[in-house]
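# Chains, contacts and geometry: an overview
Chain residues, written in single-letter form:
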Amino acid sequence: MKGSIKHAIATTGLLIGLLHVACSTGLAPRDVPTPAPPEPTPTPRELVLPPDDRSHSAPIEWWYYNGHLKSEAGEEYSFHYVIFQTEDSDSGSQTEFGQAGITDIQKGKHTYISSERLGSSRSLTENDDNSLLNLQLGNFDLEIAADGSHTFSAHDLDGTSALELATEIPTEVMLHDRIGWMDWPFGWTYYYSYPRMQANGALMIDDQSVDVKGEVWFDHQWGDFFVVGKPAGWQWFAIHLDDHRSLMIAEVRGAEGEVLAIDGTLIQSGSDQRVLDVEQDGIELEVQEYWTSPRTAGEYPAKWRLRIDSIDLDIVMTPAIADQEIPALPYGNQAAAYWEGRVDVTDTASGESLGRGFAELSGYVEPEPLSWRGERR
């Protein structure tokens, strides 16, 4: 996987099945299932944007947003929002679900929202004059217009927390690994980002609504790949530096927990993107502190030092608040839980603020016990 798979959603269908088996009694003996191998890697094609913002025929796909927002009074908030889509290999039918998190920086509070139901997409044709994509999942909605602007919303079922945001047409794009396509040890994927979409809208936290605006990072990824879970996983960072540079960095771990790759993409506003290589650019990512989740007992990295010699960058990233974990339930085994939240970026030497970012941490929670040989719990 190159450097930035998002959430281990590739395992979700399997994990749902595992939970069903684990909770059953009187099971007949059976072997532990293994995922089917990915299909042969296709020859990549050139991406066309914004048309490729739409849905594709692929085993796994997601539309992901994170952002840093302010109210008119200067109060700071952050959020992440994602819709995952899986495709059944036999029928070709597609199913989606959504997850979101809102962080109130002033109160140090993180709120989690999940879609109330699974849904089916309506991906409109190229001949449609208005929309590229329209996904409706009850309490989650996402629409991407033909001009490249995005509108998305989510609300919890008791009506106390919500987000609703609209973005302007993006002005910058990151095509990761130069062409927006990677061939990983786990399979293949298309992957690109709009790192600084301007957005406005509203958040609701604890029944209180606030108008906000700010910058949004958008990731779109689809392909045929499989991630096995802890110790495999990744640390992924989307960083907005105050000097207007946008930086994606990701460290990917294999099935034994070994680091397979550290990769990155950098954009300086108004200039071409630059692909970063761990050896050529001197990338070092060091975990300095950890945080243990009270819900899942997952031990997550909680402070990092990142050095990139080729661009003279030496920063420390610290979570804005410690608990920004996203639970996997009700959709699957809790081992698919992940940490997704805002980090503050400072200069290592001076401590001066240099920007803010988002971190995603996957593969840090132990799988729940499973009964495979007919044992009763």
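Above this note sits the structure.
Residues numbered from 1 in each chain as written. Predicted model: local features only at pLDDT ≥ 70, side-chain atom pairs only at ≥ 80, totals over all residues. Heavy atoms only, no water.

### Remarks on the environment of Lys-107
Mapping Lys-107 onto the fold places it in the loop between strand E3 (94-104) and strand E4 (109-114). Exposure remark for Lys-107: the relative accessible area of 59% places this residue in the exposed category. For Lys-107 and Tyr-77, which are 30 residues apart along the polypeptide, the C-alpha to C-alpha distance reads 9.8 Å. (Helix = DSSP H or I, 4+ residues; strand = E, 2+ residues; numbered from the N terminus. Buried < 20%, exposed > 50% of the residue type's maximum accessible area, 1.4 Å probe, protein only.)

### Let's talk about the nonpolar core
In this structure, Trp-63, Tyr-65, Phe-79, Tyr-81 and Leu-142 are the most contacted members of the largest nonpolar core, which totals 37 residues. Counting 28 residues, the second largest nonpolar core, distinct from the first, contains Ile-249, Ile-283, Ile-308 and Leu-361. (Core = buried A, V, L, I, M, F, W, Y, C linked by side-chain atoms within 4.5 Å.)

### Observations concerning the pattern of salt bridges
Tallying each qualifying case throughout the model produces 16 salt bridges. The salt bridge involving Asp-309 is made with Arg-307; its shortest N-O contact spans 3.9 Å. The salt bridge involving Asp-344 is made with Arg-342; its shortest N-O contact spans 2.9 Å. Classification of Asp-344 as partly exposed rests on a relative accessible area of 28%. (Salt bridge = Lys/Arg side-chain N within 4 Å of Asp/Glu carboxyl O.)

### Quick notes on the packing of aromatic side chains
By the definition in use, this model includes 20 aromatic pairs. When the ring of Tyr-81 is compared with that of Phe-152, the centres are 4.9 Å apart and the planes differ by 40°; the resulting orientation is tilted. Residue Tyr-81 is located in strand E2 (residues 76-87), and its partner Phe-152 is located in strand E7 (residues 150-155); the two are separated by 71 residues in the primary sequence. One exposure class covers both Tyr-81 and Phe-152, and it is buried. With a centroid separation of 5.9 Å and an interplanar angle of 85°, the aromatic rings of Trp-188 and Tyr-190 are classed as edge-to-face. Both residues of the pair, Trp-188 and Tyr-190, belong to the buried class. An aromatic cluster is present here, built from Tyr-65, Phe-79, Tyr-81, Phe-140, Phe-152, Trp-188, Tyr-190, Tyr-192, Tyr-194, Phe-218 and Trp-222 joined pairwise through their rings. For the cation-ring pair, Arg-253 lies above Tyr-364, with the distance from its terminal atom to the ring centre recorded as 4.4 Å. (Phe/Tyr/Trp six-rings, centres within 6.5 Å; stacked < 30°, edge-to-face > 60°. Lys NZ or Arg CZ within 6 Å of the ring centre and 35° of its normal.)

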